[in-house]
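Listed below, chain by chain, are the residues.
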Amino acid sequence: MSAQIKTGQIETVQVNLAERSYSIHVGSGLINTAGDYIAPYLKEARTIIVTDSNVEKHWLAPLQNSLNSHGISSEAIVMEPGEKTKNFTNLEQLVCKLLNAQIERNTVVIALGGGVIGDLTGMAAAIILRGIDFIQIPTSLLSQVDSSVGGKTGINTPQGKNLAGAFHQPKLVLCDTDALKTLPIRELRAGYAELVKYGLIADAPFFDWLEKNGERVLAGDQDAQRHAIVKSCQAKADVVSEDERETGRRALLNFGHTFGHALEAEVGYSGTLLHGEAVAIGSVMALSISERIGICPAGRADRLRAHFAKTNIGYNLHGNAGTDWAAEKLLDHMRLDKKVADAKLVFILARDIGDAFITNEVNDSDILATLNEALEQSGN
Ligand code: GLY
């Protein structure tokens, strides 16, 4: 189990992976004081920061100032924001830029940004010079509660999402709730779906808590945000400590993702649908198919819809009119996704809220019926 330590307003979750163990610090002011946390991990007085042009505006200078105050020099590589950046071309460019910056085996790279920057930088760190250390400073809610923790790095390919990648654990994760203040509300809402996921998978009381406090999280209440991020990181740390390489239980973290990735693939990973938005829709579909095949009591998908409606999280495809959604095409995308075992699709279903399980025993007819029902409800 992950340990949790509270020091003032900073809480720390530990990911236990023997010599690859690391800490996740959560709270306000972490970027402004990042040098205090990062300095012990550096083997030379310099680092390279990879960020995107949105995050750069708000958080690059505070990070560099804090590093400077510890005598650490840093240079920045600034990428284009957006999911489309996570491709082979940008990976190659990033690796070349890092090599041009005279990177050495001792150099530690910092990923300052959301899931795209974390995944891309982590993958570059995994392969450059056969692997160097990296630190995650996730600035989106989605990356704070999911992608920055657990060592999954990767890029998308034309065949699907995250189909090329590596497991490469960070040395340290700093989740600064201040960064959420400069996050566009659409992104905050998208990340919220990943928070809810932890309640749906194995923590019904956390889902209850979100039903009462979700609006505080989205309104920027820092105590509520810290609590929600710590709960999520703890849940993830426990799973990752037990099943780092997803040979079993870790797949639970893909709740809502089989449907969600198909939706993302259909729009070509464009800004039409953010990853978290796709996960929100996919989570409702996962509960709805669980009800359809009779393993989950009726009303659970409606309970999730009600929560998403209350917190202004889109849970149907209304907002994505213009996309010609078709159930058969979405099923084709699922077949290309990596969540396939013995040619059967792998789904994370639920016996109830807080009781998810992994199965590859789902019929195409139930998948198509669930997709068609969702498309009809969305007026498509
Ligand atoms: N986001 C799912 C995982 O890290 O396993």
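All figures in this text were calculated on a predicted structure; none of them were measured in a lab. (Residues numbered from 1 in each chain as written. Predicted model: local features only at pLDDT ≥ 70, side-chain atom pairs only at ≥ 80, totals over all residues. Heavy atoms only, no water.)

## Considerations on the site of the ligand
For clarity, the cut-off: By convention in these notes, a residue is near a molecule or strand provided one of its non-hydrogen atoms lies within 4 Å of it. Pairs of N or O atoms within 3.5 Å make up the polar contacts considered here, provided that, within protein, one atom can donate a hydrogen while the other can accept it, and that residues adjacent in sequence are counted only when both atoms are side-chain atoms. Every accessible area reported is derived by Shrake-Rupley at a probe size of 1.4 Å, with residue values counting cover from the shown protein chains alone. As a working rule, the residues Ala, Val, Leu, Ile, Met, Phe, Trp, Tyr, Cys and Pro are called nonpolar, Asp, Glu, Lys and Arg charged, and the rest polar, with Gly in that last group.
The environment of the ligand is formed by Asp146, Lys152, Lys236, Glu246, Arg250, Leu253 and Asn254. Take Lys236: an N or O atom from its side chain is 2.5 Å from an oxygen atom of the ligand. In the environment of the ligand, an oxygen atom lies 2.7 Å from a nitrogen or oxygen atom belonging to the side chain of Arg250. Relative to its free-state accessible area of 200 Å², the ligand is covered by the protein chains to the extent of 90%. Considered class by class, the residues forming the shell around the ligand number 1 nonpolar, 1 polar and 5 charged.

## Details of helix α9 (residues 257-266)
Going by this rule: Summary of the burial criterion: residues with accessible area below 20% of their type's maximum are buried, those above 50% are exposed, and those between are partly exposed, where the area comes from a 1.4 Å probe applied to protein chains only. Comment: elements are numbered from the N terminus, with helices defined as DSSP H or I runs of at least four residues and strands as E runs of at least two. Contact definition: two residues touch when any of their heavy atoms are within 4.5 Å.
Within α9, 9 of the 10 residues are buried, which leaves the element mostly enclosed by the surrounding structure. Within the span of α9, buried status applies to His257, Thr258, Phe259, Gly260, His261, Ala262, Leu263, Glu264 and Glu266. In this structure, the buried residues of α9 make contact with β9 (160-167), α6 (185-202), α10 (275-292), α12 (327-336), β13 (347-352) and α13 (364-377). Following α9 by one or two positions, Gly268 has its phi on the positive side, about 65 degrees.

## Focus on the environment of Lys43
Examined against the element boundaries, Lys43 turns out to sit in the loop between α1 (34-38) and β4 (46-52). Taking the C-alpha atoms as reference points, Lys43 and Ile358, separated by 315 residues in sequence, lie 42 Å from one another. With sequence-adjacent residues up to four places away left out, Lys43 is seen in contact with Asn106 and Asp133. Polar contacts involving the side chain of Lys43 include one to the side chain of Asp133, which spans 2.9 Å.

## What about the pattern of salt bridges?
What counts, and what does not: Between Lys or Arg on one side and Asp or Glu on the other, a salt bridge is scored when a side-chain nitrogen of the former is within 4 Å of a carboxyl oxygen of the latter.
Applying the stated criterion across every chain yields a total of 30 salt bridges. Put simply, Glu19 and Arg20 hold a salt bridge, and the shortest N to O gap is 3.6 Å. Its relative accessible area of 63% is what places Glu19 among the exposed residues. Between Asp146 and Lys236 there is a salt bridge, and its shortest N-O distance comes to 2.6 Å.

## Some points on the side chain of Thr258
With respect to the helices and strands, the residue Thr258 is situated in helix α9. Within polar-contact distance, the side chain of Thr258 engages the backbone oxygen of Val346 at 3.1 Å.

## Comments concerning the nonpolar core
As a reminder, the rule being used: Among buried residues, the Ala, Val, Leu, Ile, Met, Phe, Trp, Tyr and Cys ones that are joined through side-chain atoms within 4.5 Å form a nonpolar core.
Judged by nonpolar contacts, the single largest core of 51 residues is most densely connected at Ile24, Tyr192 and Phe255. Excluding anything up to four places from it in sequence, Ile24 contacts Glu11, Thr12, Val13, Val15, Val149, Val173, Cys175 and Cys233. Membership of the second largest hydrophobic core comes to 24 residues, among which are Leu263, Leu330, Met334 and Ile367.

## Structural notes on the packing of aromatic side chains
The cut-off we apply is this: Each pair of aromatic rings taken from Phe, Tyr and Trp, with Trp reduced to its six-membered ring, is defined by centres within 6.5 Å and is described as stacked if the planes are under 30 degrees apart, edge-to-face if over 60, and tilted in the remaining cases. In this analysis the charged atom, NZ for Lys or CZ for Arg, is taken to sit over a ring once it is within 6 Å of the ring centre and within 35 degrees of the ring normal.
Taken as a whole and assessed by the stated rule, the structure comprises 2 aromatic pairs. Ring plane angle 55 degrees and centroid distance 5.3 Å describe the contact between Phe259 and Phe347, whose orientation is recorded as tilted. Of the two residues, Phe259 sits in helix α9 while Phe347 sits in strand β13, which places them 88 residues apart along the sequence. Cation over ring: Lys197 sits above Tyr198, and NZ or CZ is 5.1 Å from the ring centre.

## Remarks on empty space enclosed by the protein
Heads up, the rule is: The rule is simple: put a 1 Å grid over the protein atoms alone, call a set of points where a 1.4 Å probe fits but cannot get out a cavity, call an open set with protein on both sides within 12 Å along at least five of seven lines a pocket, and count a residue as lining if it has an atom within 4 Å of a point. Grid points are joined across faces, edges and corners, and a volume is the space filled by probe spheres set on the points.
Under the counting rule described, the total for this entry stands at 2 cavities of 30 Å³ or more. Every residue lining the largest cavity is listed: Gln159, Gly160, Lys161, His261, Ala262, Ala265, Tyr269, His333, Leu336 and Asp337. Breaking the lining of the largest cavity down by element, the ones donating at least two residues are β9, α9 and α12. If you trace the second largest cavity, you find it lined by Asn254, Phe255, Gly256, His257, Thr258, Phe259, Ala286, Phe347 and Ile348. Secondary-structure elements contributing two or more residues to the lining of the second largest cavity are α9 and β13. Sort the elements by how many residues they give to the lining of the second largest cavity and α9 lands first, with 3 residues.

It is worth stressing that arrangement in space is one thing and function is another; only the former is reported here.
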